[in-house]
Amino acid sequence: MKPRSDTDNGTILRTFDVSKTFGKFRALKSISASFPRGAITSIIGPNGAGKSTYFNLLSGAFPPSSGRIEFESRDVTNVPQHKFAHMGVAKSFQITNVFPLLSTRENVRVALQALVSRYDIWRPRAKLPGLTERADALLAQVGIWHCRDRVAKTLAHGEQRALEIGMALASDPRLLLLDEPTAGMSPEETRVMMDLIVKLAQERTVILVEHKMKLVMGISDRVLVLHHGELLADGTPSEVRQDQQVKRVYLGQREH
Amino acid sequence: MNDMSQMMADVPARSNSLFDVAVRHRAVLASLFLLIFPLIMPFKALAANILIYGLYALGFNLLFGFLGLLSFGHAALFGTGAYFCGIAIVHFGLPWYVAILIGTLGGAGMAAIIGALAIRTRGIYFAMVTMALAQCVYYLFYQAESWTGGENGLRGINVHVIDIFGLKFDFLDPLTRYYVIAAFVILALFALSRILASPFGAVIEAVRENEARARASGYNVLLTRLLTFILSGAFCGLAGALAALHLSIVPIEMLHYETSGMVVMMALLGGMGTFFGPFIGAAVFMLLENLVSLWTVHWQLIVGAVFVACVLFFPAGIWGTILRKIRP
Ligand SMILES: Nc1ncnc2c1ncn2[C@@H]1O[C@H](COP(=O)(O)OP(=O)(O)OP(=O)(O)O)[C@@H](O)[C@H]1O
Ligand SMILES: [Mg+2]
C-alpha cells in the first residue's frame, strides 16, 4: 500500500504502473502519475505516443493490461465505462462523438437523463422535470444555444465539439477529461474552445490531451509528456519546456 | 436527410402543427385505422392475419428500427408465444386470457434467453447468432412432440366464446374475432407508443445513435439492448398467442427461419424506425401474397420484385416515404 497522507485531498486521480498492450504491441509502458485536484493537467506527445490509450484508461473506456487506477482514492481499474459518469468523471472523445440524428438539445437532454432515469418505460420523458431547461442552460454555457433545434450532425465541426463538451458537463463532473478538443478546428474556433476550457476549469479538474505543445503550455498547471508509450517528463510547463529529452522529441515539429 | 433525422427522433416536439399533433396521438390514429380496416377489407380472416403479423412486425421493429439491431431469429419469439398459448389451452385447459398472458411472457422469456446469449455480438454476428439460436428453438419444439404435436403442429386450440367482464363474444364469427384480436393489438400499440416516448425510449435511441457516447453518458448499453430485446419478445409473443387463437392450431412453420426473414421484409417494406410503418409493411406484404397467389403460384417472385423495388426506390419504406411527403 502506498501512503495516503497528503495526497488524498490534493490528488483526484492516480495511475500505478499501468500498461496497455494491443496484441504484441505495447502501446503504454508502466505509467505512474498523479493528477492534482482543481488543476489543468495536459498530456502531450507526438502522434502515436499513446496519449489516447492513456486517456482511455483514465476515462474507463477499457481496463489496463496491468497496473491500477484510483479515482478519489477508490480503485476504479475495472469499473465499466458507464459507471464513470455516475462517479463524477466525464469525457469528450478525440473523434467527435454525438448522437448525430437527434436534435442538439435532445443530445444534451439524453445526457442529463442518464443521471435521473435510465429504465423507466412508462412515464412520458417530457414529464421529467427540468431537463429541457438544464439542457438549454448547458448549451448556452458552451455557446451553441442558438443551434438547439438543429439536428446534431448538421452542426459545424466546432459546434459539434462544443456540443460534446456540453454533454460531458451534463453529469456535473468533478473530473473532466478532454481528448484533443481542438482537433480539426480553425484558429478562431480553437481560441474559443481554449477560453471555454479555462472557464470550465475554474470549477473542476481538467485533464487535457493535446499533441500541439504550444496550445496547452499557457493554460496548464502541469504537463505530462508521453513518447513511444513511456512517460518522458512530468512537471510544470516551464520545467517541461526546459527538459532536454522533450526538446529532442519535439525538434523538427516546428509548426507546433 | 433532415426529414429522416427528425423522423428517427421520437416525439419531443411541443409544436402544435397538425402533423406534430398527429404524431403525438399516433396510437389513437393507428387504432382508428384498425377499427375501420375490416370494413374496407374483403377477407376478414386475412384482416385478422394482418393484425397479427402487423403486431409481430411492430415488436420486431422495436429492436430493428429503434435500437438498430437486426435479428434473424424473431420467429423463435413469435413461435414460442404461439406454442405457450396453445399449450396452456390444450394441455392445461387454462382460460384464453391466461393463455394469452402466458404466450406473451413466453415470448419475453425466450427473448431473455436468446438475448443473454446474443447481445454481446453486433451486426452480421448478431443476425447469425439469433438465427442459429432460433433454429435450436425450432428443433426443441419439433422434438417435444407430446407437447407440441411435432411436425403436425399443435392442434385443438378451440376457443369458441370470448367472455370479457360478462360480455360474451362469438369467436367463430370472423368480424367479431377480428375485433377481439384488434383490442389486444390496440393495447399493444398504446404500450409501444408509450415505451417509445418514455425515458427508456430515449435511451434506446441514444444507443442506436452512438454506443460509445451513450456509455460515456452513463448508460449501460448491454443491459439496454437486453431489455429492448425482451420488450420486443413480449410484443412478438403476444402476436404469436393471438395467432394461435386465430388459427386454432400452431403450425411448426411459425418457428421456421422463413418466419424470421419475413418480418425483416415487412419492417423494411413499411419503414423501419417509424412507429406504424412495419404494420403497413405487413399489410402490404400479406395482401400481395394473397392477391397474387390467386392468379399465379409464383407469387413469391412478384412479392420479391416489389420488395426489391421498394428497397431500391423507397429506402425509407412505404410509410416512411409517405411521412416525409406530408411532413410540413
Ligand atoms: N485498438 C488498438 N489496437 C491496436 N493498436 C492500437 C490501438 N489503439 C492504439 N493503438 C496503437 O497504439 C499507439 C498509440 O496510439 P494512441 O491512439 O494512444 O496515440 P495518440 O498519442 O493518441 O496519437 P494521436 O496524437 O495520433 O491521437 C499507436 O501506435 C496506435 O497505432
Ligand atoms: Mg489520440
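Residues numbered from 1 in each chain as written. Chains lettered and ligands numbered in written order. Predicted model: local features only at pLDDT ≥ 70, side-chain atom pairs only at ≥ 80, totals over all residues. Heavy atoms only, no water.

A. Focus on the overall build of chain A. Counting its secondary structure elements, chain A contains ten helices and ten strands. Across its three principal axes, chain A shows a C-alpha extent of roughly 55 × 45 × 40 Å. With 256 residues in all, chain A has 55% of them scored as buried. Residue pairs in contact within chain A that sit at least 24 positions apart in sequence constitute 66% of those at least 6 positions apart. Accessible area of chain A: about 11400 Å², with a carbon and sulfur share of 52%. Distance between charge centroids for chain A: 4 Å, based on 35 positive and 27 negative side chains. (Helix = DSSP H or I, 4+ residues; strand = E, 2+ residues; numbered from the N terminus. Buried < 20%, exposed > 50% of the residue type's maximum accessible area, 1.4 Å probe, protein only. Contact = heavy atoms within 4.5 Å. Areas by Shrake-Rupley, 256 points an atom, 1.4 Å probe, with all protein chains shown as cover. Lys, Arg positive; Asp, Glu negative; His and termini not counted. Charge placed at Lys NZ, Arg CZ, Asp CG, Glu CD.)

B. Focus on the domain arrangement of chain A. Residues and elements named next belong to chain A. Domain boundaries in chain A define domain 1 (1-84 + 201-256) and domain 2 (89-172). Its C-alpha centre places domain 1 at a distance of 27 Å from the equivalent point of domain 2. Tallying the contact residues gives nine residues for domain 1 and six residues for domain 2. For the domain 1 and domain 2 pair, buried surface summed over both sides reaches about 670 Å², with 51% attributable to carbon and sulfur atoms. Ranking the residues of domain 1 by area buried against domain 2 places Phe55, Phe84 and Arg204 at the top, with a combined share of 58%. Applying the counting criterion to the domain 1 and domain 2 interface returns one salt bridge. (Domains from an automatic or database assignment. Buried area = accessible area lost by both parts, 1.4 Å probe. Salt bridge = Lys/Arg side-chain N within 4 Å of Asp/Glu carboxyl O.)

C. The confidence of the model for chain A, seen in detail. Per-residue pLDDT for chain A averages 92, and the proportion of residues at 70 or more is 94%. Low pLDDT (under 50) marks residues 1-7 of chain A, which in the prediction has five contacts with non-local residues, meaning those over four places away or in another chain. (pLDDT = per-residue confidence, 0-100.)

D. Representation of the sheet that holds strand 7 (residues 175-179) of chain A in the model. Residues and elements named next belong to chain A. If you trace the six strands from one edge of the open sheet to the other, you get 6-7-8-3-9-10, paired in mixed fashion. Two strands bound the open sheet, and with one partner strand each, they are strand 6 (89-92) and strand 10 (230-235). Strand-to-strand, the axes of this sheet are offset by a mean angle of 15°, without reference to chain direction. Where strand 6 meets strand 7, four bridges bridge the pair, whose relative direction is parallel. When the sheet's bridge partners are listed, Ser92 is paired in strand 7 with Leu178. The sheet strands contacting helix 7 (residues 187-200) are strand 3 (40-44), strand 7 and strand 8 (205-210), and the helix crosses strand 8 at an angle near 150°. (Pairing = 2+ DSSP bridges. Axes fitted to C-alpha atoms, helices over the stretch in contact; angles between N-to-C directions.)

E. Structural view of the sheet that holds strand 4 (residues 66-71) of chain A. Residues and elements named next belong to chain A. In spatial order, the strands read 2-1-4-5; together these four strands make up an open sheet with antiparallel pairing. With one partner strand each, in any of the chains shown, strand 2 (25-36) and strand 5 (74-75) form the two edges of the open sheet. Bridge count for strand 4 against strand 5 is two bridges, and the pairing is antiparallel. Looking at strand 5, one finds that Phe71 is bridged to Arg74.

F. Up close: the site of ligand 1. Residues and elements named next belong to chain A. Around ligand 1 lies a shell of 13 residues, among which Gly48, Lys51, Ser52, Thr53 and Gln94 are the nearest. Separating an oxygen atom of ligand 1 from a side-chain N or O atom of Ser52 is a distance of 2.8 Å. One of the side-chain N or O atoms of Gln94 is found 2.9 Å from an oxygen atom in ligand 1. When the free accessible area of ligand 1 is taken as 630 Å², the share hidden by the protein chains comes to 61%. Every element with two or more residues in the shell around ligand 1 is listed here: strand 2 and helix 2 (51-58). Examining the composition of the shell around ligand 1, we find that three residues originate from one element, helix 2, more than from any other. Residue composition of the shell around ligand 1, by class: five nonpolar, six polar and two charged. (Near = heavy atom within 4 Å. Polar contact = N/O pair within 3.5 Å; in protein donor to acceptor, adjacent residues only side chain to side chain. Nonpolar A, V, L, I, M, F, W, Y, C, P; charged D, E, K, R; others polar.)

G. Broad picture of the coordination of the magnesium ion (ligand 2). Residues and elements named next belong to chain A. The coordination sphere of the magnesium ion (ligand 2) contains the protein donors Ser52 (OG) and Gln94 (OE1), at a distance range of 1.9 to 2.2 Å. Placement of the pair is Ser52 in helix 2 and Gln94 in the loop between strand 6 and helix 4 (104-113), with a sequence separation of 42 residues. A relative accessible area of 23% means that Ser52 is categorised as partly exposed. (Donors = N, O, S within 2.8 Å, 3.2 Å for Na, K, Ca; no water.)

H. Region of the structure containing the packing of helix 5 (residues 75-90) of chain B against helix 12 (residues 221-247) of chain B. All names here are of chain B. Interhelical geometry of helix 5 versus helix 12 gives an angle of 50° and a closest axis separation of 6 Å. On the basis of their axis angle, the class for helix 5 and helix 12 is oblique. When the axes of helix 5 and helix 12 are compared, the crossing they make is right-handed. Contact with helix 5, carried on its side by Leu77, Phe78, Gly81, Ala82, Cys85, Gly86 and Ile89, involves Phe229, Gly233, Cys236, Gly237, Ala239, Gly240, Ala241, Ala243, Ala244 and Leu245 of helix 12 and no other residues of that element. Taken together, the residues that form the contact of helix 5 with helix 12 break down as twelve nonpolar, five polar and no charged. (Parallel < 35°, antiparallel > 145°, perpendicular 65-115°, else oblique. Left-handed = near helix turned anticlockwise from the far one by under 90°.)

I. How the structure looks around helix 4 (residues 44-67) of chain B. Residue and element names in this part refer to chain B. Along its 24 residues, helix 4 runs 34 Å from first to last C-alpha, staying within 8% of the 34 Å computed at 1.5 Å per residue. Where helix 4 bends most, the angle comes to about 45°, and this point is Asn61. When you tally the buried positions in helix 4, you get 22 out of 24 residues, the bulk of the element. Of the residues trailing helix 4, Gly68 is marked for its positive phi of about 90°. (Expected span 1.5 Å × (residues − 1). Bend = angle between axes of the 7 residues up to and from the residue.)

J. Quick look at the packing of helix 4 of chain B against helix 9 (residues 174-197) of chain B. All names here are of chain B. Contact geometry for helix 4 and helix 9: axes closest at 8 Å, N-to-C directions at 15°. Between helix 4 and helix 9, the interaxial angle falls into the category roughly parallel. Relative to helix 9, the crossing made by helix 4 is left-handed. Of the residues in helix 9, those touching helix 4 at Lys44, Ala47, Ala48, Leu51, Ile52, Leu55, Leu58, Leu62 and Phe66 are Pro174, Leu175, Tyr178, Ile181, Ala182, Val185, Ala188, Leu189, Leu192 and Leu196. Of the residues assigned to the contact of helix 4 with helix 9, the class counts are 18 nonpolar, no polar and one charged.

K. Inspection of the interface of chain A and chain B at higher detail. Between chain A and chain B, the residue contacts involve 34 residues of the former and 35 residues of the latter. Taken together, both faces of the contact between chain A and chain B bury some 3100 Å²; the carbon and sulfur share is 59%. Inspection of the chain A/chain B interface yields two salt bridges. In this structure, the salt-bridge partner of Glu205 of chain B is Arg125 of chain A, at a minimum N-O distance of 3.9 Å. Linking chain A with chain B are 16 residue pairs in polar contact (both at pLDDT 80 or more). For the side of chain A that touches chain B, the secondary structure elements donating two or more residues are helix 3 (81-87), strand 6, helix 4 and helix 6 (157-169) of chain A. In terms of residues, the side of chain A that touches chain B owes the most to one element, helix 4 of chain A, which gives five residues. Broken down by class, the residue content of the side of chain A that touches chain B amounts to 17 nonpolar, eight polar and nine charged.

L. Highlighting the environment of Arg324 of chain B. Residue and element names in this part refer to chain B. Mapped onto the secondary structure, Arg324 falls in helix 16 (residues 317-326). For Arg324, a relative accessible area of 34% corresponds to the partly exposed category. Separated by 293 residues in sequence, Arg324 and Ser31 place their C-alpha atoms 21 Å apart.

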